[in-house]
Amino acid sequence: MQKVGIVEVAQSAGTESPLSLMEFTYKPVKEVLDKVGMKRDEVDMYILASTDVFHSGMSCANAFDWDASGAFMKPASREEGDAITSFVYGCMPIMEGKCDTVLVVGLIKGSENAENDTLTSFVADPFYSRPVGIQETTAAAMQMRLYLQRYGITEEQCAKVVVKNLSNALFNPYAHIKKRVSVDDVLNSERICDPLKALECAPKSEGVCAMLLASEEKAKKLTDKPVWFKGWGSSMDTFYLGDRDLLDTQLKTAAASAYKMAGISNPRKEIDIAETCEPYAFQELLWCEELGFCAQGQGGKLIDSGVTQITGELPVNPSGGVLAMNPYVARGLYRVAEAVLQIKGKAGEHQLDKKVNTALAHSTYGFCGQWQGVVILGS
Amino acid sequence: MAEQKEKPRKVASMGMVPYEMALGPTWTRFFEGFKEKRILGTKCNKCGRVLVPARPFCPRCFEPMEEWVEVAQEGTIVTWSYVNYTYFGVTPDMIPVIGATIKLDGVDCGTGMWTQIGGFDIKDFELVTKKVKVGARVKAVWRRKRQGNFRDIDYWKIIE
């Protein structure tokens, strides 16, 4: 199997843009190609992640996505779940030796569509769950209740995730939400569905992320500092919440297979930084447990200890995470991009003040983390 | 599965979701041109092609298309279809319709627009087959009141 190097990334910022989806997508793609000095037709394959239906009212991915990402007259494919898988699908033909270069693009304009709760209500099955009004946020609130109850996690500990991530986002030029908040601000924000508060929920963001992947030989030619793809794992749970233990998600399975592939035996010690997908604040704590950063039920103590702060031993979401920037579908590729920048030492003002050798990028979609995916990158 | 008496049912379902989609500077300028009865294209400074509708960048060369050109309002039918059935959003009063792709003079692509041929009794299919042909010449006919959208071109008239 061939090694896969990540050569270059470009991201757009999350605030509402007056550009059309086509114009908005073109910019980061062009930026990546210009940075490495490649023409779009020199790229062997294009893998996109976007959504044709509810999260993009256009419903016309074929009309806008391909030309704008440079894929016109090239081998190309598109995926709808989460962009982190488009990253992995992009790695595969390189690992196989079929392609030298692949461009991966995740794109969405969140400002153009209805609130996530309206849209995710369509994710529920139409006969049994949708009629009662379940959607991603109401499902998450039930998961949070269980989390607080079973392990004695406090609402303050969950609120600290928001404080940490939004504070990190102040130093990330691509983050959407830029405001400093206190634990009290979070606790006093509207209880939209108890125990979940408004400030604990991710926004809706614009987001195009473009990333050039290359074979080992090609990557070394195109950049001084390629970042290497080391491991990947994913797992899908059943849909019905009643069939699952909401605090025992498929993230453990996904992480175990990613760690195995990357040769990681002690994630807490071996991983230098993690970018997780936490559309609801408490989920970062739960994901940290399932990723093996602390024992089960110890997510609250983990954030209290300061380990996951940007200055801590294992910073989690130095970019501000999904709480600060939530381009649904593209968000998984943003996690990978941030991990790449930290390893390259090019994260700018939110660059970690330490050597970063191994980074983890995580993404999830579906109610209460139905699907989970983990990518490991190395220097 | 054990045999059951009742016939499996269906549940009617319809979703309504609001959207507000950014037209962006390129489409905006293109449709502003319609208000003044002008069809605008963009020219690629690399390959020299003029494309209609206007594009923010050349899909082939992947360079920004910053040069605007006004193009001819006459052209040639590339292909067409006589649409005479209803589907969701198309009511009986809206048909028949003659959809066509037209290559405008001086433009380097078949205008990707789904344009409508009209100006005569298109309910008469015999007449349609006599007048509408691949290669036939057409001319844009504008609406009196224009709002800067695709409806501003009322129809494309066959030049006899």
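In every chain, residue numbers begin from 1 and rise along the written sequence. Chains and ligands are labelled sequentially in the order written, the chains with letters from A and the ligands with numbers from 1. pLDDT decides what is reported in this predicted model: residues at 70 or higher carry local features, side-chain atom pairs at 80 or more are listed and counted, and totals for whole chains, interfaces and linings draw on all residues regardless.

A. Focus on the overall build of chain B. Scanning chain B from terminus to terminus reveals two helices and eight strands. For chain B, the succession of helices and strands along the chain, N to C, is α-β-β-β-β-β-β-α-β-β. By principal-axis analysis of the C-alpha atoms, chain B measures approximately 70 × 45 × 30 Å. Exposed residues have 12 or fewer other C-beta atoms within 10 Å of their own C-beta, buried residues have 20 or more, and residues in between are partly exposed; the C-beta atoms are placed from the backbone. Out of the 160 residues in chain B, the part that is buried amounts to 24%. The helix and strand labels rest on DSSP assignments: H or I over at least four residues marks a helix, E over at least two residues marks a strand, and numbering proceeds from the N terminus.

B. Structural context of the pairing of strand S1 (residues 40-43) of chain B. Residue and element names in this part refer to chain B. As judged from the four bridges shared by S1 and strand S3 (residues 67-70), these two strands associate in the antiparallel manner. From the neighbouring strand, Thr-42 faces S3, where its bridge partner is Trp-68. Here S1 pairs with strand S2 (residues 50-51) via two bridges, running antiparallel. Bridge assignment links Thr-42 to a residue of S2, and that residue is Leu-51. Being paired, for any two strands, means DSSP has found at least two bridges between them. Hairpin connection of S1 to S2: six residues between the antiparallel strands, including Gly-48 at a positive phi of 80°.

C. Structural view of the sheet that holds S1(B). Overall, antiparallel pairing links the three strands, which are arranged S2-S1-S3 (chain B) in an open sheet. Both edges of this open sheet fall to S2 and S3 of chain B, since each of them pairs with a single strand only.

D. Just unusual backbone geometry, in detail. Following Asp194(A), the chain continues into Pro195(A) via a peptide bond in cis, with omega recorded as 5°. Assignment of secondary structure puts Pro195(A) in the loop between helix H7 (183-188) and strand S5 (206-215). A cis amide bond links Val52(B) to the next residue, Pro53(B), at an omega of 0°. Among the structural elements, Pro53(B) can be located in the loop between S2 and S3. A positive phi is found at Met73(A), a non-glycine position, where the angle reads about 65°. By C-beta crowding, Met73(A) is classed as exposed, having 12 other C-beta atoms within 10 Å. Of note, Cys368(A) is a non-glycine position whose phi angle comes to about 50°, a positive value. One can find Cys368(A) in the loop between strand S8 (358-365) and strand S9 (371-378). Given 22 C-beta atoms within 10 Å, Cys368(A) falls into the buried group.

E. Quick peek at the interface of chain B and chain A. On the chain A side, the residues contacting the 18 residues of chain B number 24 residues. When residue character is reported, Ala, Val, Leu, Ile, Met, Phe, Trp, Tyr, Cys and Pro are called nonpolar, Asp, Glu, Lys and Arg charged, and the others, Gly included, polar. A per-class count over the side of chain B that touches chain A returns 12 nonpolar, four polar and two charged. Note on contacts: each residue gets a C-beta atom placed from the backbone, and two residues are in contact if those atoms are within 7 Å.

F. Molecular detail of helix H9 (residues 251-262) of chain A. Residues and elements named next belong to chain A. A helix's residues, less one, multiplied by 1.5 Å, set its expected span. With 12 residues, H9 should cover 16 Å at 1.5 Å per step; its first-to-last C-alpha distance of 16 Å lies within 8% of that length. Inspection of H9 places Leu-251, Ala-254, Ala-255, Ala-258, Tyr-259 and Ala-262 among the buried residues, and these make up the whole buried set. End-on view of H9: buried residues confined to an arc of 130°, all on one side of the axis. Where H9 is buried, its residues touch strand S6 (227-236), helix H10 (267-270), helix H11 (281-290) and S9. What the arc describes is the spread of directions from the helix axis to the C-beta atoms.

G. Local environment of the packing of helix H6 (residues 155-169) of chain A against H11(A). Residues and elements named next belong to chain A. Running from amino to carboxyl end, H6 crosses H11 at an angle of 100°, the nearest separation of the two axes being 7 Å. In terms of axis orientation, H6 runs roughly perpendicular to H11. For the pair formed by H6 and H11, the contact residues are Gln-157, Cys-158, Ala-159, Val-161 and Val-162 on the first element and Ala-281, Phe-282, Glu-284 and Leu-285 on the second. Split into classes, the residues belonging to the contact of H6 with H11 amount to seven nonpolar, one polar and one charged. The axes used here are C-alpha line fits, helices contributing only the stretch in contact, and every angle between their N-to-C directions lies in the interval 0 to 180 degrees. Angular relationships are summarised with four words: roughly parallel below 35 degrees, roughly antiparallel beyond 145, roughly perpendicular across 65 to 115, and oblique for the angles in between.

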